[in-house]
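Working through the structure, step by step
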Amino acid sequence: MTVRVRFAPSPTGRLHLGGARTALFNYLFARHHGGQMVLRIEDTDLERNVPGAEQELIEALHWLGLSWQEGPDIGGPYGPYRCTERLAWYQDALRSLQDRGLVYPCFCTPDQLAAERTQALASGQVPRYSGRCRHLSAAEQAAHMERGTPFLWRFAVPEDVVLTWDDAVRGTVSVRADDLGDFVLVKSNGIPTYNFQVVVDDAAMNITHVIRGEEHLSNTPRQLLLYQALDKPAPVFAHLPQVLNSERKKLSKRDPHVEPVLAYREKGYTPEALVNFLALLGWSPGGEQELLSLDELCARFDLARVHRSGAVFDVDKLNWIAGVYLRQQPLPWLTGQVSQQLSEHGLQPPPGSGPDWLERAVALYRDELTCAADFIELAGSVLLQPEVVWQAEALAVLRQPEAAAVVRAYRALAADDPDWTAEASRRRFRAVQQALGVKGKALYLPVRAAVTGRAHGPDLQETIACLPRAWVLARLDNALAEVGQV
RNA sequence: GGCCCUAUCGUCUAACGGUUAGGACGCCGCCCUCUCACGGCGGUAAUAGGGGUUCGAAUCCCCUUAGGGUCACCA
């Protein structure tokens, strides 16, 4: 039997990391088994649907490198792939349950139910539907209908039944149906609830494996009940561990580190890095290699190796992986990404810079980047503006005994050196060294401090060569003035 | 509160009854080096607690504790 999985998000907002991880695991599983993946948009909550969310979702998944064989964007043999376009399927299913007396109309008002729930909670009881409408006589039902009382359909949960399934991640799980309460199948607006919709659709679309987040664990027994009632075979369930924040709480959309997937694209992360990181959240490849391409992940993916406990989203590790992938990219590609960042921030290379300037500047900082946007933070104050602010550490260097003399000597040579390259700067330092007898730290650090305002940074010769001569001379002068050594 | 799930270094994880409990990130040290970063080498650090079962338990069972999820006309 061909493996068929689905990723079934609701179009209520942007795709976040947790959702992306679920999509990725479905994708990896399908590809590993040579199966198919379906994208299904679960838009049955009319109120919460956000226009444009579906399009952005698809864009985010594509950016990550994921694809599917069937979906609202490309169609397929089991369509349509938006739930609101599948109402006929749910109506048929409801009719079949009605015929067998497995459902009943409920006329309780939302206020009534809310009041009961609050009361139950307050008195330490389990908040669960009382089943009041379950035992309404045919005459009472008819009277309500005649009066036009709004109603919904509930599933009559059988008593003394234990629902058990073999979860591909967690092993055997079982729940007593008595703990469930008669849950809603069709809302008063005629739209099915999630639990009903998902079963009808997964069955209709021949989904063989349902791989989803742990928060759905408690929905599973209800769905199992529906598969039985509808006389359909249940798929294999696999519940992925939750993705947690550093406080070990479920990743919330308000968490500072949790950004929509496309925010990572906007910052110039490589999607391969994000995918690699996400794959390691709750799953391990087994061997000791953990830097793996999408193809390698597909080859190795196995539900049996999915961990059971929640996984904390570790920003440090993401950034490390992101840096590794970024360093593997060709320089021209990275330069293009950085160039995009610059224009988005309204920044430009220094005046008089040649066409190769940005590539040289990016080469200087590439070792430190986790994403293209980092370039601005790292290089911005040194390379993109004429003036520099001297940090305390830099001023301390400039106040050392021989420092001012070195800076003055270097400035004199830089002022009329016809050659403005890294190699030329290197020659100037050699000249200063011979003239003053200063070498090593005492030679380079004062100039570094004066030119960049910092005691640390990438290669000094290249940095100077990337700056206009006028900026360098002015900074050297200003640095001397700053420490009273003019 | 009921039900369900979970528990190995700070974090991601390996181990599927027998290992000096392994790797990665982070952190620390050393090397490289004008400094930083990259890279290389080394180090720090864990089986939540208590009972069983067993020749032998991180691994199997029970209890405790602690986290999380869920109990919607949301998905």
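The rules behind each value
Residues numbered from 1 in each chain as written. Chains lettered and ligands numbered in written order. Predicted model: local features only at pLDDT ≥ 70, side-chain atom pairs only at ≥ 80, totals over all residues. Heavy atoms only, no water. Helix = DSSP H or I, 4+ residues; strand = E, 2+ residues; numbered from the N terminus. Rg over C-alpha atoms; globule rule 2.2 N^0.38 Å. Buried < 20%, exposed > 50% of the residue type's maximum accessible area, 1.4 Å probe, protein only. Contact = heavy atoms within 4.5 Å. Areas by Shrake-Rupley, 256 points an atom, 1.4 Å probe, with all protein chains shown as cover. Phe/Tyr/Trp six-rings, centres within 6.5 Å; stacked < 30°, edge-to-face > 60°. Lys NZ or Arg CZ within 6 Å of the ring centre and 35° of its normal. Lys, Arg positive; Asp, Glu negative; His and termini not counted. Salt bridge = Lys/Arg side-chain N within 4 Å of Asp/Glu carboxyl O. Polar contact = N/O pair within 3.5 Å; in protein donor to acceptor, adjacent residues only side chain to side chain. Near = heavy atom within 4 Å. Nonpolar A, V, L, I, M, F, W, Y, C, P; charged D, E, K, R; others polar. pLDDT = per-residue confidence, 0-100. Domains from an automatic or database assignment. Buried area = accessible area lost by both parts, 1.4 Å probe.

On to the overall build of chain A, then. Within chain A, the regular secondary structure consists of 20 helices and 11 strands. The C-alpha radius of gyration of chain A comes to 32 Å, more than 25% above the 23 Å expected for a compact globule of 486 residues. Considered along the principal axes of its C-alpha atoms, chain A spans approximately 110 × 50 × 35 Å. Counting over 486 residues, chain A shows a buried share of 49%. Within chain A, counting contacts between residues at least 6 apart in sequence, those at least 24 apart form 75% of the total. Working note: accessible area of chain A is about 22,900 Å², and carbon and sulfur atoms make up 50% of it.

So, about the packing of aromatic side chains. The description of two aromatic rings rests on the distance between their centres and on the angle between their planes. Inspection of every chain in the model, using the stated rule, returns 11 aromatic pairs. Pairing Trp283 with Phe301 gives two aromatic rings, centres 5.5 Å apart and planes at 35 degrees, and the pair type is tilted. Here Trp283, found in the loop between helix H9 (271–279) and helix H10 (294–300), pairs with Phe301, found in the loop between H10 and strand S11 (311–312); they are 18 residues apart in sequence, far enough to count as distant. Assigned by exposure class, Trp283 and Phe301 land together as buried. Grouping aromatic residues by their ring pairs yields a cluster made of Phe25, Trp283 and Phe301. Over the face of the ring belonging to Phe25 we find Arg21, whose NZ or CZ atom lies 5.2 Å from the ring centre. A cation sits over an aromatic face here: Arg86 above Trp89, 4.3 Å from the ring centre.

The next thing to look at is the side chain of Arg212. The topology assignment puts Arg212 in strand S8 (residues 209–213). Of the side chains with opposite charge, Asp202 lies nearest to the buried Arg212, which makes no salt bridge, at 5.6 Å. Of the polar contacts made by the side chain of Arg212, one reaches the side chain of His239; its length is 3.1 Å. If near-sequence neighbours (up to four positions away) are discounted, Arg212 is found in contact with Arg6, Thr22, Tyr194, Thr220, Gln223, Phe237, Ala238, His239 and Leu240.

For the rest of this paragraph, the subject is the protein's contact with RNA strand B. In the vicinity of RNA strand B lie 63 residues, with Arg170, Lys187, Lys249, Glu290 and His456 positioned nearest. A share of 77% of the atoms of RNA strand B within 4 Å of the protein falls on sugar and phosphate groups. For the surface near RNA strand B, the residue count by class is 20 nonpolar, 17 polar and 26 charged.

What follows covers the confidence of the model for chain A. Per-residue pLDDT for chain A averages 93, and the proportion of residues at 70 or more is 98%. Both confidence scores are given for the complex: pTM 0.95, ipTM 0.95.

Our focus in this paragraph is the domain arrangement of chain A. Reports of interface size often rely on the accessible area that becomes lost once the parts have come together. Each assigned domain of chain A is listed with its residue range as follows: domain 1 (87–240), domain 2 (261–327), domain 3 (330–384) and domain 4 (386–486). The distance between the C-alpha centroids of domain 3 and domain 4 comes to 23 Å. Taken together, the contact pairs 12 residues of domain 3 with 14 residues of domain 4. Summed over both partners, the interface of domain 3 with domain 4 comes to about 1,000 Å²; 65% of that surface belongs to carbon and sulfur atoms. Counting the surface domain 3 buries against domain 4, the share from its top three residues, Arg360, Leu364 and Val382, is 48%. Across the domain 3-domain 4 interface, the total number found is 0 salt bridges. In this assembly, domain 3 and domain 4 are joined by 3 residue pairs in polar contact (both at pLDDT 80 or more).

A few words now on unusual backbone geometry. Gly79 connects to Pro80 through a cis peptide bond whose omega is -5 degrees. The backbone of Asn206 sits at a positive phi, close to 55 degrees, despite the residue not being glycine. Mapped onto the fold, Asn206 is located in the loop between helix H6 (194–204) and S8. For Asn206, a relative accessible area of 41% translates into the label partly exposed. Phi is positive for Asp231, close to 60 degrees, though the residue is something other than glycine. Secondary-structure assignment places Asp231 in the loop between helix H7 (220–230) and strand S9 (236–240). Look at Asp231 and you get exposed, because its relative accessible area is 64%.

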